[in-house]
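# Secondary and tertiary structure notes
Here is what each chain is made of, one letter per residue.
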Amino acid sequence: MQLTPKVREILSWYESDNPGTKSNIARILMQGKLGGTGRMVILPVDQGFEHGPARSFAPNPAAYDPHYHFELALEAGLNAYAAPLGMIEAAAASYAGCVPTILKVNSSNSLSTTKDQAVTAGVDDALRLGCSAIGFTIYPGSEYQFEMMEELRELAAEAKAVGLVVVVWSYPRGPMLDKTGETALDICAYAAHMAALTGAHIIKVKPPTDAIFLDAAKKTYEKAPVPDIATLAGRIQHVVQACLGGRRLVVFSGGEQGSDDSMLDMARGIHAGGGNGSIVGRNAFQRSKADAVKLLSAMIDIYKA
Ligand code: FBP
């Protein structure tokens, strides 16, 4: 496979990584309809763990079947599919080598009152299942944030040593953050930066609002305002900058079911701000397959432009 100049450039950002990890980054970047562009659309299906099976799959019961998500990722021409151990194991043989997979190695659930996640899979599982990457969530701001970061340190070192990619979901939450704070621009950029500092190759955050939450940061933002903070593109650009000056891949999550138009607007903002793409779960698998493929294709067309 001939890598495009864009993918070669991106690989050059990862100066300490071995050929195995670089090959796996390339595998994700070269896959699907956005292959070679440096942009990505990824399907994450860990909501069954995080929110429960009915809340996740009842809107489109076909999505209870683990095979469905591989088919969706393939039909839509996505770059990768991310899921917890059981989902990948249940379809591993049928789809071996078809689409790069990201094994989600920690998980939370809606029965917990604490902002923490359990480690539910390991690097050995990722290798056994032919995954390109491990995925790990941190909750900056939670009472357990430091333990989560320490777990990530160990798993990331192990993954990198055997040539896997590390994808970090960085979701601020915890006692000092209200709903506004969780997606405020300063907090989102901070969370993305911390993920980059833990050694993530690919960073996943929620799209930021124009709120500035931390009192300690307000003065700085007043003195050095974020250009175009009123637009999603301006805010995305700030988050990209926080990802080691744009030297790390950053993708933005889709959120709860929204209209096609709202998803396309989001993709336009991410594209214009220089983000590397979207990681869209509920807005993909809660629609019928035909509707999901249509929406994802329209998003892909925006990223291709
Ligand atoms: P969605 O596109 O469905 O929002 O998926 C992205 C994601 O990060 C999932 O991987 C995760 O399960 C979910 O969001 C967590 O959502 P929330 O923070 O709303 O519980």
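In this report, the structure presented in the accompanying data block is examined. As the structure is a prediction and not an experimental result, all values here were calculated from the model. (Residues numbered from 1 in each chain as written. Predicted model: local features only at pLDDT ≥ 70, side-chain atom pairs only at ≥ 80, totals over all residues. Heavy atoms only, no water.)

Attention shifts here to the overall build of the protein. Each helix and strand counted, the protein has 15 helices and ten strands in total. For a compact globule of 305 residues, the expected C-alpha radius of gyration is about 19 Å, and the protein comes in at 18 Å, within 12% of that figure. With respect to the principal axes defined by its C-alpha atoms, the protein has extents near 55 × 45 × 40 Å. The long-range share in the protein, meaning contacts at least 24 apart out of those at least 6 apart in sequence, stands at 73%. For the protein, the exposed area adds up to about 12600 Å²; of that, 54% sits on carbon and sulfur atoms. In the protein, 28 side chains carry a positive charge and 31 a negative one; their mean positions are 5 Å apart. (Helix = DSSP H or I, 4+ residues; strand = E, 2+ residues; numbered from the N terminus. Rg over C-alpha atoms; globule rule 2.2 N^0.38 Å. Contact = heavy atoms within 4.5 Å. Areas by Shrake-Rupley, 256 points an atom, 1.4 Å probe, with all protein chains shown as cover. Lys, Arg positive; Asp, Glu negative; His and termini not counted. Charge placed at Lys NZ, Arg CZ, Asp CG, Glu CD.)

So, on to the pairing of strand E8 (residues 202-205). The side chains of a regular strand alternate between the sheet's two faces. Of the two faces of E8, the one carrying Ile202 and Lys204 and the one carrying Ile203 and Val205 are both buried. Pairing analysis gives three bridges linking strand E7 (residues 165-170) to E8, with the strands arranged parallel. Residue pairing across strands places Trp169 opposite Lys204, the latter belonging to E8. For E8 and strand E9 (residues 249-253), the ladder comprises four bridges, and the chain directions are parallel. (Buried < 20%, exposed > 50% of the residue type's maximum accessible area, 1.4 Å probe, protein only. Pairing = 2+ DSSP bridges.)

What follows concerns the environment of Gly48. Of note, Gly48 is situated in helix H3 (residues 47-51). Overall, the relative accessible area of 22% leaves Gly48 in the partly exposed class. A sequence separation of 150 residues divides Gly48 from Thr198, and the C-alpha atoms of the two residues are 27 Å apart. When near neighbours in sequence (up to four residues on either side) are disregarded, Gly48 contacts Pro53, Ser56 and Phe57.

Take a negative patch on the surface next. Together, Asp124, Glu147, Glu150, Glu154 and Glu158 make up a region of like negative charge exposed at the surface. The leading source of residues in the negative patch is helix H8 (residues 145-161), at four residues. Structurally, the position occupied by Glu147 is in helix H8. Judged by relative accessible area, which is 43%, Glu147 ranks as partly exposed. (Patch = residues over 30% accessible without salt bridge, like charges linked within 9 Å, V, L, I, M, F, W, Y side chains within 5 Å. Salt bridge = Lys/Arg side-chain N within 4 Å of Asp/Glu carboxyl O.)

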